[in-house]
Amino acid sequence: NIKSSSATYSGYTGSSYIHNGRYDSGYKIVNGIDVSYHNGDINWSAVKAAGIDYALIRVGYRGMSNGGLFDDSKYRANIQGALNAGLRVGVYIFSQATTQAEAAEEANYLLNRISGYNITLPVVIDYEFGTNHSGRLADANLDIDTATAVVNAFCTTVQSAGYTPMVYANKTMLQSYIRGEILDDYYKIWLANYTTQTTYAGEYYAWQYSSKGSVPGIPKAV
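Here the structure is a predicted model, which means the values were calculated and not measured. (Residues numbered from 1 in each chain as written. Predicted model: local features only at pLDDT ≥ 70, side-chain atom pairs only at ≥ 80, totals over all residues. Heavy atoms only, no water.)

Draft legend 1. Molecular detail of the overall build of the chain. Across its full length, the chain holds seven helices and ten strands. For the chain, whose C-alpha radius of gyration is 17 Å, the value lies close to the compact-globule estimate of 17 Å for 222 residues. Based on the C-alpha atoms only, the size of the chain along its principal axes is roughly 40 × 40 × 35 Å. Classification of the 222 residues of the chain by burial places 48% in the buried group. Long-range pairs, those at least 24 residues apart, make up 62% of the contacts in the chain with a sequence separation of at least 6. (Helix = DSSP H or I, 4+ residues; strand = E, 2+ residues; numbered from the N terminus. Rg over C-alpha atoms; globule rule 2.2 N^0.38 Å. Buried < 20%, exposed > 50% of the residue type's maximum accessible area, 1.4 Å probe, protein only. Contact = heavy atoms within 4.5 Å.)

Now the structure itself:
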């Protein structure tokens, strides 16, 4: 039951977005970005001055074929730069976990790298397939309950370390490949749905509405 809200214009994309009606009272809509080394060298002071309130920063990723874990080459610079500029920071790892053990490994990989930084926003598992349903996660062909248990293993590991876990996934993943309606009872959801009004019926904490934003201080689309 999606009750429409009024449209909010985004100068970062040049489009207007209609938020779920439940955000009409008691909530403040804030603007955040998702960055990795793909976005280049970022001038974080300019980002803050442009009205961006928070950043979700990629710290690492699991290889889509070999399954190895790798650092994002700019995660330290991005975390420190965002914090120095006064943004709130959360972090994520691009997952290709196919077992609960791999998901816990990814969580610990993240936790080890953010120790010492003032991370006050969630620690996130980015759970998605590669382009055209490719990669080791897609190839594993997990059933929905197994995949949900994998994501849950990441979240419980993060939670036990004292951080707030969050699940990043697109609408299709949340509806068809993991049980978003169960996970949102326990964890925050970061919904990726590139549209001006999402029809996703589940709960979500953050909505990534575009991959084509333009923010001063960032040389590439964000």
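Draft legend 2. Region of interest: unusual backbone geometry. The residue Asn132 is not glycine, and still its phi comes out positive at about 60 degrees. The backbone of His133 sits at a positive phi, close to 55 degrees, despite the residue not being glycine. Mapped onto the elements of the fold, His133 is located in the loop between strand 7 (123-127) and helix 4 (136-140). You can call His133 partly exposed: its relative accessible area is 41%.

Draft legend 3. Representation of the packing of aromatic side chains. The full count for this structure, using the stated rule, is ten aromatic pairs. Here Tyr168 and Trp190 contribute two aromatic rings whose centre-to-centre distance is 4.4 Å and whose plane-to-plane angle is 75 degrees, an arrangement assigned as edge-to-face. With a gap of 22 residues between them, Tyr168 in strand 8 (residues 165-170) and Trp190 in strand 9 (residues 188-192) connect regions that are remote in the sequence. No difference in accessibility class separates Tyr168 from Trp190, as the two residues are buried. (Phe/Tyr/Trp six-rings, centres within 6.5 Å; stacked < 30°, edge-to-face > 60°.)

Draft legend 4. Inspection of the pattern of salt bridges at higher detail. Enumeration according to the criterion identifies eight salt bridges in this entry. Between Glu105 and Arg62 there is a salt bridge whose closest N-O contact spans 2.9 Å. Of this pair, Glu105 sits in helix 3 (residues 100-114) while Arg62 sits in strand 4 (residues 54-62), placing them 43 residues apart in sequence. Overall, Arg62 belongs to the buried group, its relative accessible area being 3%. The network of salt bridges with shared partners includes Arg62, Glu105 and Glu106. (Salt bridge = Lys/Arg side-chain N within 4 Å of Asp/Glu carboxyl O.)

Draft legend 5. Fine view of helix 2 (residues 75-84). Looking at helix 2, one finds that the buried residues are Tyr75, Asn78, Ile79, Gly81 and Ala82. Buried residues along helix 2 sit in contact with strand 3 (32-35), helix 1 (44-49), strand 4, strand 5 (69-71), strand 6 (88-95) and helix 3. Among the residues trailing helix 2, Gly86 stands out with phi positive, at a value near 95 degrees.

Draft legend 6. Representation of the side chain of Thr157 within the structure. The residue Thr157 is located in helix 5 (residues 144-160) in this model. Judged by relative accessible area, which is 15%, Thr157 ranks as buried.

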